[in-house]
Amino acid sequence: MRLTIIAAALSLVAASPTLASNPEAERPPISAEGRAEVGRLTEAFFRSVQAGDATKAYADLFRGTLLESKTVEVAQLATQTNFILQTYGAATSWELASSECMTDYICKLVYVVRMEKGPVAFWLYAYRQPTGAWQPTYVLMGDSPQFFFD
């Protein structure tokens, strides 16, 4: 009997990571409508990045948002993107690799950008305003594995 209780307790402890809820695994993707609206913004953004104009890319992406007034942060993003362009070469293509939404109004979209010398991931955080329009709230980019698989 005692051995059965110990075995049952051990099996519960061993199974606890699988029993625990993984909120990230349960987050739904952005809606088709949201994906289309954000896609219009990101298409223009990545076209400017492809043309080598990171400053224009961010100015256009953040136009009309709170980030438009955060000039230091936007300039830092442009500098980081220019560094990526210098390191990896021109962007040749991009695709939405994944999306997950914390709620129906805040989502993270991961774009994989194929560059001449290797891939780079861009994480775009988007917010659906009370009016229903989606807007970007932040961009993060990188080339390490966690940017692609986290």
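Residues numbered from 1 in each chain as written. Predicted model: local features only at pLDDT ≥ 70, side-chain atom pairs only at ≥ 80, totals over all residues. Heavy atoms only, no water.

A closer look at the nonpolar core
Then, number 1: Core analysis: the biggest nonpolar cluster contains 33 residues, and Tyr-58 and Phe-122 have the highest contact counts within it.
Then, number 2: Top contributing element to this core by residue count: helix α5 (residues 71-88), with six residues.
Then, number 3: Every residue in contact with Phe-122, bar those within four places of it in the chain, is listed here: Phe-45, Phe-46, Tyr-58, Thr-81, Leu-109, Val-110, Tyr-111, Val-113, Val-139, Leu-140 and Met-141. (Core = buried A, V, L, I, M, F, W, Y, C linked by side-chain atoms within 4.5 Å. Buried < 20%, exposed > 50% of the residue type's maximum accessible area, 1.4 Å probe, protein only. Helix = DSSP H or I, 4+ residues; strand = E, 2+ residues; numbered from the N terminus. Contact = heavy atoms within 4.5 Å.)

Considering the pairing of strand β1 (residues 91-103)
Then, number 1: Across ten bridges, the pairing between β1 and strand β2 (residues 106-115) is antiparallel. Bridged to Thr-103 within β2 is Ile-106. (Pairing = 2+ DSSP bridges.)

Focus on the sheet that holds β1
Then, number 1: Sheet architecture is open: four strands sit in the order β1-β2-β3-β4, paired in antiparallel fashion. Edge strands, defined here as strands with exactly one partner in the open sheet, are β1 and β4 (134-142). Averaged over all pairs of adjacent strands, the angle between their axes in this sheet comes to 20 degrees, without regard to strand direction.
Then, number 2: Packed onto the sheet, helix α4 (residues 54-62) meets β3 (118-128) and β4 and runs at close to 150 degrees relative to β4. (Axes fitted to C-alpha atoms, helices over the stretch in contact; angles between N-to-C directions.)

Side note on the state of the cysteines
Here a disulfide denotes one covalent bond, and it connects the sulfur atoms of two cysteines.
Then, number 1: Under the counting rule described, the total for this entry stands at one disulfide.
Then, number 2: Linked covalently through their sulfurs, Cys-101 and Cys-107 form a disulfide whose S-S length is 2.0 Å. Across the S-S bond linking Cys-101 and Cys-107, the dihedral sits near 100 degrees, which makes this disulfide right-handed. Take Cys-101 and Cys-107: they sit in the same class, and that class is buried. (Disulfide = S-S within 2.5 Å.)

Focus: the confidence of the model for the chain
Detailed reading of the predicted model is not advised wherever pLDDT is low.
Then, number 1: When pLDDT is averaged along the chain, the result is 85, and 83% of the positions lie at 70 or above.
Then, number 2: Within the model, pLDDT remains below 50 along residues 1-21, and this stretch shows two contacts once partners closer than five positions in the same chain are excluded. (pLDDT = per-residue confidence, 0-100.)

Description of the packing of aromatic side chains
Then, number 1: Applying the stated criterion across every chain, the model contains eight aromatic pairs.
Then, number 2: The interplanar angle of 75 degrees and the centroid separation of 6.0 Å between the aromatic rings of Phe-45 and Phe-122 together place this pair among those described as edge-to-face. Taken together, the residues span a long stretch of sequence, with Phe-45 in helix α3 (residues 32-50) and Phe-122 in strand β3 at a distance of 77 residues. The same class applies to Phe-45 as to Phe-122, namely buried.
Then, number 3: Look at Tyr-105 and Tyr-127: their rings are 6.1 Å apart centre to centre, the planes differ by 90 degrees, and that puts the pair in the edge-to-face class. (Phe/Tyr/Trp six-rings, centres within 6.5 Å; stacked < 30°, edge-to-face > 60°.)

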